[in-house]
Amino acid sequence: MAFNLKALLVLSLLSAAQAIQPSAPDPIAAPLRDLKWGQLNFLHTTDTHGWLAGHLQEPSYSADWGDYVSFATHMREIAESRGQDLLVIDTGDRVEGNGLYDSSVPRGIYISEIIRQQHIDVLSSGNHELYKKTTSDAEFLTTVPNFQVHYLASNINIYHPVTGELVPLAQRFRKFTTEKQGIRIVSFGFLFDFTMNYNNTVVQPVEATVKESWFQEAIHDRDVDLFLVVGHVPVRSPEYDAVFRAIRAIHPNTPIQFFGGHYHIRDCAQYDSNAYGLASGRFMETIGFMSIDGLFTAKNGLQLNQVTPAFERRYIDNNLYSFHHHTGLNELTFPTEHGRNVSHLIQKSRSALDLDEIYGCIPETLWMSRSPYNAKDSIYAWLQKEVLPSMLGDESRPEKPAFAIVNTGAIRFDLFKGQFTRDSAYIVSPFTSGFRYLKNVPLDKARLVLDVLNRQPKILTAAQEVPGSVPWSLAPPEQAAHVHGPASGRMRRSGQMIDTPIDQSPMFSNADPQLTVIPGYTTADDMGTDGDDTVHSNIDFYQIPNCIDALTLDTSSAAPETVDLVYIDFIQPYVALAAKFAGLGVDVPGESHVYMPGKTFTDLIIDWVKANWSCHT
C-alpha cells in the first residue's frame, strides 16, 4: 500500500475539518463530577493500542487523539493560569489492537506520527512494543527519538539495530523541575517482569533493577520533592511493591506518584499516605486525571512535617462532552488548530488504509464478557459454534477431525451490530497468530489439556517455575486483574457482581436532574467509588474461561477416538505444560506442526464473515 506521510501532513495543515472523526457518534449529556486541581496535575493514557481515532460506535469514548491534543493544551493553560503545573503521561502498549496501527505496511507508520503530535512529558514502553523485532526496532529508532529525554526505560535493553551492541532502549531516569511550582521530580519508567519479548530486547526483572548502582544513586538524591514512577506495570503488583520499598528505604516520607497499566482497567492503589498509583483503562476509553496538593518545594518553603499532601483522581470518559465541561469551553471554542489538524491526519490515514472497507454486516452485537461465555450473544459462543468448526481444516489432513483450543485473550473487543469493516477485523483480533497441531491425540486427552488450561491452578504455579516459558495471561488482561486485586466495577468478580451505587455527593449534586445516566464504568478503588467523572449505571460482566474449544466434526457423527489437537501458536508454552499434566506423552513443540500454513486466526474470522454475514440494503 502506498504511503506518503508528507502528503497527509500537508493536507491536514490545510484542512479546516472539525475535530473528532466524521463517523464518530455524538456524546450523550450525562451527570459529571468536577476535577480537583492541585499544585501538580497529571493527564494519563495507557494501553491505547492504536485506538487514536476513538470509538466510532460508542458515544462515551468517541473523542480522537486530536481532541485529546486540544484537551491537554487547554488543561495546561488552566493549570498555568492558576500558577500550577500539568504533566502528560503515557505508559505504553500504544501498538497492536486497531487497524490504524496493524493494517499499515510496515505496521505503525501512521500512528507514530500521530502520537508525537501530543506533548507527552513522560512515557514508557509496554510489552506489546517488544513482542516483535520490527516493533521494538521502530520504538528505538522512531518513538524514542520523537520524545527524546521524555521517554524512560529503566529496565529494558535492546540490541542496537545497526551496531548490535546491547544498549538501553531509552534513558534510565530523569530529574527535572516543574516550571510554575518548582517541584523537583525524579522519574523512572518500568515494564513488568515480561518474558515473551523477542530476543533482540532484554527485560531485566524490576527487583534486580532497583538494586543497581544507577538506581540507588538516583533515589539517594536528597533534593527531591516527588518521585514519579511511570510504567507498563499493574498498580497492584510485586514489581511496583519493589520500587516502593526501595524508595521508602531512603525516603520514608517523600511523596511518590505511580502510573501503571497493562490490565486494561481503571484503578487507583494506595501504598501509604504519601504514595498512590493510577491506572487509566484501555483503548482510549479513559483519560486519567491525578492531582497532588500540599507538596513541599524549595520554592514554597514548607517542610515535610508541616503538611500531608492531598492526592485526588478522576477517570475522564474520552468524549467531547466531558472535555468541554472540564475546560469550560464549547464546540466552537474547544478545538485548537493543532487538534483539528491531528484529527484530520487521523481521518486521512484511515482513508489511506481503507479501514472503512466493508467485509459484511453483523446482525446482532456479540459481547466478550457482558454475557455468559456460552450465551447466544457471546463472541466466544459464536467462535466455538460457528467460526472454528466451519473454517478450520488443513489440506494435508482432510479426513482428520480437529479439536481446537483458542485462548480467550486472542479476542480483544466486542463486535457491535452493523458493518464489519477492515478496521473491525483488527479490533476484534489484531494478532498475527497462526495455528499448530499435534497429530492423532486421543480425544479424551485433548479435552484434558483444555481442562488443565481452564481449571487446574497448579499449571500456573508450574509456569512461574519456568522463567520465560509462558505468556502473562491466557484470558483478556482486564479479567486477570480480578485475580490479583480490586479493580474496575465493569466486571463480575468470581461470579458476583460489584454493585457500586450512584454517588450522591455534593460534587455533582447540582447536576441537571434531567441528564441521562447511561451504562458505563462504576469504579471502586482505594480512594472510594467517586472516581469516574461521568455518573454511570452499572454493567454486569461475567467471568470467562482461559480457553474455549471447538471440534470440527458433524454433530451427527460419532465422536472420534483420536483428533488433531490444534491450538493458537502464541499459547504453545502453556499447551506444553498442560500436555505434561494431562499425561499426553509428546514433546511440545518438538512434535508439533504448522496447521493451515499462512492462515492466521484473524484470517479465519474475516473469511467466515465474508461467507456468512452479507449486507442487505
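Calculation notes
Residues numbered from 1 in each chain as written. Predicted model: local features only at pLDDT ≥ 70, side-chain atom pairs only at ≥ 80, totals over all residues. Heavy atoms only, no water. Pairing = 2+ DSSP bridges. Helix = DSSP H or I, 4+ residues; strand = E, 2+ residues; numbered from the N terminus. Contact = heavy atoms within 4.5 Å. Axes fitted to C-alpha atoms, helices over the stretch in contact; angles between N-to-C directions. Disulfide = S-S within 2.5 Å. Buried < 20%, exposed > 50% of the residue type's maximum accessible area, 1.4 Å probe, protein only. pLDDT = per-residue confidence, 0-100. Phe/Tyr/Trp six-rings, centres within 6.5 Å; stacked < 30°, edge-to-face > 60°. Lys NZ or Arg CZ within 6 Å of the ring centre and 35° of its normal. Core = buried A, V, L, I, M, F, W, Y, C linked by side-chain atoms within 4.5 Å. Salt bridge = Lys/Arg side-chain N within 4 Å of Asp/Glu carboxyl O. Polar contact = N/O pair within 3.5 Å; in protein donor to acceptor, adjacent residues only side chain to side chain. Patch = residues over 30% accessible without salt bridge, like charges linked within 9 Å, V, L, I, M, F, W, Y side chains within 5 Å. Areas by Shrake-Rupley, 256 points an atom, 1.4 Å probe, with all protein chains shown as cover.

A word on the sheet that holds strand 2 (residues 85-90). With mixed pairing, 5 strands are arranged side by side in an open sheet as 3-2-1-13-14. At either end of the open sheet lies a strand with only one pairing partner, and these are strand 3 (122-123) and strand 14 (310-317). The pairing of strand 2 with strand 3 spans 2 bridges and is classified as parallel. For Ile89, the partnering residue across the bridge sits in strand 3 and is Val122. Where helix 9 (residues 320-327) meets the sheet, it contacts strand 13 (286-293) and strand 14, and its direction lies at approximately 140 degrees from that of strand 14.

The subject of this paragraph is the state of the cysteines. Scanning the entire structure with this criterion turns up 1 disulfide. For Cys361, the disulfide goes to Cys615, at an S-S distance of 1.9 Å. Taking the torsion about the S-S bond as the criterion, the Cys361 to Cys615 disulfide, at about 100 degrees, is right-handed. Of the two residues, Cys361 sits in strand 15 (residues 358-362) while Cys615 sits in the segment after helix 17 (601-612), which places them 254 residues apart along the sequence. Relative accessible area serves as the criterion here: at 36%, Cys615 is assigned to the partly exposed category.

Detailed reading of predicted coordinates is not advised where the pLDDT is low. Looking at the protein, the pLDDT average stands at 89 and 87% of residues meet or exceed 70. Under a pLDDT of 50 for its full length, residues 5-17 has, in the predicted model, 17 contacts with residues more than four places off or in other chains. Taken together, the stretch residues 484-511 has pLDDT below 50 and engages in 72 contacts with residues farther than four places along the chain or on a different chain.

Counting across every chain of the model gives 31 aromatic pairs. One aromatic cluster in this structure is built from Trp51, Phe283, Trp367, Phe413 and Phe416. One Lys or Arg, Arg174, reaches over the ring of Phe176 and ends 4.3 Å from the middle of that ring. The side chain of Lys610 reaches across the aromatic face of Tyr359, ending 4.7 Å from its centre.

The next thing to look at is unusual backbone geometry. That bond from Val105 to Pro106 is cis: its omega, -5 degrees, falls within 30 degrees of zero. As for its placement among the helices and strands, Pro106 is situated in the loop between helix 3 (99-102) and helix 4 (111-115). Val588 connects to Pro589 through a cis peptide bond whose omega is 15 degrees. A positive phi angle, close to 50 degrees, is found at Gln148, a residue other than glycine. Along the chain, Gln148 turns up in the loop between helix 5 (133-147) and strand 4 (156-159). Among the residues examined, Gln148 registers a relative accessible area of 58% and is labelled exposed.

Trp65 and Phe188 are the most contacted members of the largest nonpolar core, which totals 89 residues. It is helix 2 (residues 65-81) that contributes the most residues to this core, 8 residues altogether. Residue contacts for Phe188: discarding those within four places in its chain leaves Leu152, Ser154, Arg172, Phe173, Trp214, Phe215, Ala218, Ile219, Phe227, Leu228, Val229 and Val230. The next biggest cluster of nonpolar side chains, apart from the first, holds 36 residues, and it includes Trp382, Leu388, Ala402 and Tyr437.

So, about the sheet that holds strand 21 (residues 547-551). Reading across from one edge, 21-16-22-18-23 is the order of the 5 strands in this open sheet, with mixed pairing throughout. Because the sheet does not close on itself, it has two edges, and the strands there are strand 21 and strand 23 (593-595). When the angles between neighbouring strand axes are averaged without regard to direction, this sheet yields 35 degrees. With 6 bridges joining them, strand 18 (residues 435-442) and strand 22 (residues 562-568) adopt antiparallel strand pairing. Within strand 22, the residue paired with Pro442 across the bridge is Thr562.

Now for the pairing of strand 12 (residues 275-280). Here strand 12 lies mainly inside the structure; 6 of its 6 residues are buried. Covered by surrounding structure in strand 12 are Ala275, Gly277 and Ala279 together with Tyr276, Leu278 and Ser280, the residues of both alternating faces. Two elements, strand 10 (residues 256-260) and strand 12, share 5 bridges in a ladder whose sense is parallel. Bridge pairing links Gly260 to Ala279 in strand 12. Strand direction decides the pairing type here: strand 11 (residues 266-272) and strand 12, joined by 6 bridges, are antiparallel. Looking across to strand 12, one finds that Gln270 is bridged to Tyr276. In sequence, strand 11 turns back onto strand 12 through a hairpin of 2 residues.

Below, the discussion takes up the pattern of salt bridges. Where charged atoms from two side chains of opposite charge come close, those side chains can pair. Going through the model one piece at a time under the given rule, you end up with 25 salt bridges. In this structure, the salt-bridge partner of Glu129 is Arg94, at a minimum N-O distance of 3.8 Å. Residue Glu129 is located in the loop between strand 3 and helix 5, and its partner Arg94 is located in the loop between strand 2 and helix 3; the two are separated by 35 residues in the primary sequence. Like Arg94, Glu129 is buried. Between Asp530 and Arg313 there is a salt bridge whose closest N-O contact spans 3.2 Å. Residue Asp530 is found in the loop between strand 20 (496-497) and strand 21, and its partner Arg313 is found in strand 14; the two are separated by 217 residues along the sequence. Here the salt bridges do not stand alone but share partners, grouping Asp90, Arg94, Glu129 and Glu139 into one network.

Glancing now at the environment of Ser60. Counting through the fold element by element, Ser60 comes out in the loop between strand 1 (40-45) and helix 2. Apart from residues lying up to four places away in sequence, Ser60 is in contact with Asp317, Asn318, Asn319 and Ile518.

This paragraph deals with the side chain of Arg266. Counting through the fold element by element, Arg266 comes out in strand 11. Separated by 2.9 Å, the side chains of Arg266 and Thr286 make a polar contact. Engagement of the side chain of Arg266 in a polar contact is seen with the side chain of Asp317, the distance being 2.7 Å.

With that settled, consider a nonpolar patch on the surface. Nonpolar side chains collect at one region of the surface, where Tyr159, Leu166 and Val202 lie side by side and expose about 230 Å² of accessible area between them. Mapped onto the elements of the fold, Val202 is located in strand 8 (residues 201-203).

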